[in-house]
Amino acid sequence: MMLISCIMWMKTMRTLVDLGNTQIQALDELSKKDKRSRAALIRQAIDEYLAKRHSKQEGDAFGLWGKRKVDGLVYQEKVRSEW
């Protein structure tokens, strides 16, 4: 039982963040409306931000080769023949 609680403790970290009064007020209003803690709202917001950034990074690379006029396999074989 003690080992399990230690492992779970290591998966979370308390972080201090300075928020402005407007942000705190908006979070308090959402917190009351959704019946969730400010911390839960902030964690959700961070999760959504990270997911959006991750998908954007994947999208940045997707289709880069498609703009080229050369067949990918032909290009690969040409480059490898130079070795």
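Here goes a summary of the coordinates provided. The structure presented is a predicted model; accordingly, all values stated were derived computationally and were not measured.

Some remarks on the overall build of the chain
Here is step 1 of the chain: When helices and strands are tallied, the chain shows 4 helices and 0 strands.
Here is step 2 of the chain: Taken from N to C terminus, the helices and strands of the chain fall in the order α-α-α-α.
Here is step 3 of the chain: The proportion of buried residues among the 83 residues of the chain is 5%.
Here is step 4 of the chain: If you sum the accessible surface of the chain, you get close to 8,500 Å²; carbon and sulfur atoms cover 61% of it.

So, the layout of surface pockets
Here is step 1 of the chain: Looking at the largest pocket, its volume works out to about 720 Å³.
Here is step 2 of the chain: Elements represented by at least two residues in the lining of the largest pocket include exactly helix 2 (21-34) and helix 3 (38-61).
Here is step 3 of the chain: Counting residues per element, the lining of the largest pocket draws most heavily on helix 3, at 5 residues.
Here is step 4 of the chain: Among the residues making up the lining of the largest pocket, the classes are represented as 10 nonpolar, 3 polar and 3 charged.

Cut-off values and rules
- Residues numbered from 1 in each chain as written.
- Predicted model: local features only at pLDDT ≥ 70, side-chain atom pairs only at ≥ 80, totals over all residues.
- Heavy atoms only, no water.
- Helix = DSSP H or I, 4+ residues; strand = E, 2+ residues; numbered from the N terminus.
- Buried < 20%, exposed > 50% of the residue type's maximum accessible area, 1.4 Å probe, protein only.
- Areas by Shrake-Rupley, 256 points an atom, 1.4 Å probe, with all protein chains shown as cover.
- 1 Å grid on protein atoms, 1.4 Å probe; cavity = no way out; pocket = protein on both sides within 12 Å on 5 of 7 lines; lining within 4 Å.
- Points joined across faces, edges and corners; volume = space filled by probe spheres on them.
- Nonpolar A, V, L, I, M, F, W, Y, C, P; charged D, E, K, R; others polar.

Treat this as a map of the structure, not an account of what it does.
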